[in-house]
Amino acid sequence: PETFQEILGQEHIVKILKNQIAAGSMSHAYLFCGTRGTGKTTTARILAKAANCLSDEARPCGVCAHCKAIKEGNFLDVMEIDAASNNGVENIRELRESVKYPPAVGRKKVYIIDEVHMLTDSAFNALLKTLEEPPEYVVFILATTEVQKLPATILSRCLRFDFKLLNEEELENHLKYVFDDSGIKYEKEALSIIARLGAGSVRDTLS
């Protein structure tokens, strides 16, 4: 997915995010929770695009220079951090230093921190200081599969969204769309089996 319209099965989340973008009232910190493969990181990237999209219409447009640069991973003002391998206090201190500087080219500086529950206690404390008094041009998007491991102090500073597992019908319809679009032949029974084995995860189903 490259735009909000293409996100599967998370209509409750998409509606709120689209309304915030349209109203120009983005939160400074989001928390995306849910099982792996339900679209947390994908939605985070789309939200980062929407925050920086150059279009005057519905954002993100997916085709402007900023949207394309974010898709290709070379937009200076959108940073993705994998907390599983960058979980120490020094990593977060570096992040805090970079937060001080305004966006280089975009409207917002967006930090996507994946698997945020992997941060150490001291790293969480360092992150908390930034979440308490963030500059107006900064947006944090924290993603986790294990929300119960996050300190209450972090949870209280974020707007939380819970991503749900998709049902078999939704997964089956999506597979049909992907296969038809790619010219792949299939038997209908196969779609049902794959959708069932996907156990609610779009990524696992496609894999």
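Residue numbers restart at each chain and count upward from 1, following the sequence in its written direction. Per-residue local features of the predicted model are confined to residues with pLDDT of at least 70, and side-chain atom pairs are confined, for both listing and counting, to 80 or more; whole-chain, interface and lining totals are unaffected and use all residues. Excluded from the side-chain calculations are hydrogens and water; all other atoms, namely the structure's heavy atoms, are used.

Chemist: Explain the sheet that holds strand β1 (residues 29-33) to me, please; I cannot follow it from the model alone.
Modeler: At least two DSSP bridges between two strands are required for those strands to pair. Only DSSP runs of H or I with at least four residues qualify as helices, and only runs of E with at least two residues qualify as strands; both kinds are numbered from the N terminus onward. Strand order in the open sheet made by the five strands is β2-β3-β4-β1-β5, with parallel pairing throughout. Both outer strands of the open sheet, β2 (78-82) and β5 (159-162), are each paired with one neighbouring strand and no more. Averaged over all pairs of adjacent strands, the angle between strand axes in this sheet comes to 15°, irrespective of strand direction. Sheet topology note: the strand β3 (residues 109-114)/strand β4 (residues 138-144) ladder contains five bridges and is parallel. Note on β4: the bridge partner recorded for K109 is V138. With respect to the sheet, helix α1 (residues 11-23) is in contact with β1 and β5, its orientation differing from that of β5 by roughly 145°. Throughout, a contact is declared for two residues whenever any of their heavy atoms are within 4.5 Å. Lines fitted to C-alpha atoms define the axes here, with helix axes fitted over just the stretch in contact, and angles between the N-to-C directions of these axes take values from 0 to 180 degrees. Strand contacts of helix α4 (residues 89-99): β2, β3 and β4, with the helix running at about 165° to β3, the strand carrying the most contacts.

Chemist: Would you take a moment to explain the environment of V99 for this structure?
Modeler: Relative to the assigned elements, V99 resides in helix α4. Measuring from C-alpha to C-alpha, the distance between V99 and A84 comes to 21 Å, with 15 residues separating the pair along the chain. Excluding residues that lie within four positions of it along the chain, V99 makes contacts with Y111, T130, P135, Y137, V138 and F140.

Chemist: Help me out: how do you make sense of the packing of aromatic side chains in this one?
Modeler: Any aromatic ring pair is given by two values, namely how distant the centres are and how the planes are angled relative to each other. Ring pairs are drawn from Phe, Tyr and Trp, using the six-membered ring of Trp, whenever the two centres fall within 6.5 Å, and their geometry is named by plane angle: stacked under 30 degrees, edge-to-face over 60, tilted for the rest. A full pass over the atoms with the stated rule returns six aromatic pairs. With centroids separated by 5.2 Å and ring planes inclined at 55°, the aromatic side chains of F32 and F163 adopt a geometry described as tilted. Taken as a pair, F32 in strand β1 and F163 in the loop between β5 and α7 (168-182) lie far apart in primary sequence, 131 residues in all. For the pair F32 and F163, one class covers both residues: buried. Remark: exposure states derive from per-residue accessible area (1.4 Å probe, protein chains only) relative to the maximum for the residue type, with buried under 20%, exposed over 50%, and partly exposed in between.

Chemist: Which parts of the structure should I look at to understand the pattern of salt bridges?
Modeler: Opposite charge on two side chains lets them pair, provided their charged atoms get close. When a carboxyl oxygen of Asp or Glu is within 4 Å of a side-chain nitrogen of Lys or Arg, the pair counts as a salt bridge. By the definition in use, this model includes 10 salt bridges. Between K49 and E2 there is a salt bridge, and its shortest N-O distance comes to 2.4 Å. Separated by 47 residues along the polypeptide, K49 in helix α2 (residues 40-52) and E2 in the segment before α1 bring together distant segments of the chain. The partner of D162 in a salt bridge is R160, and the shortest N-O contact between them spans 3.1 Å. Among the residues examined, D162 registers a relative accessible area of 39% and is labelled partly exposed. On the basis of relative accessibility, which here comes to 42%, the residue R160 falls in the partly exposed class.

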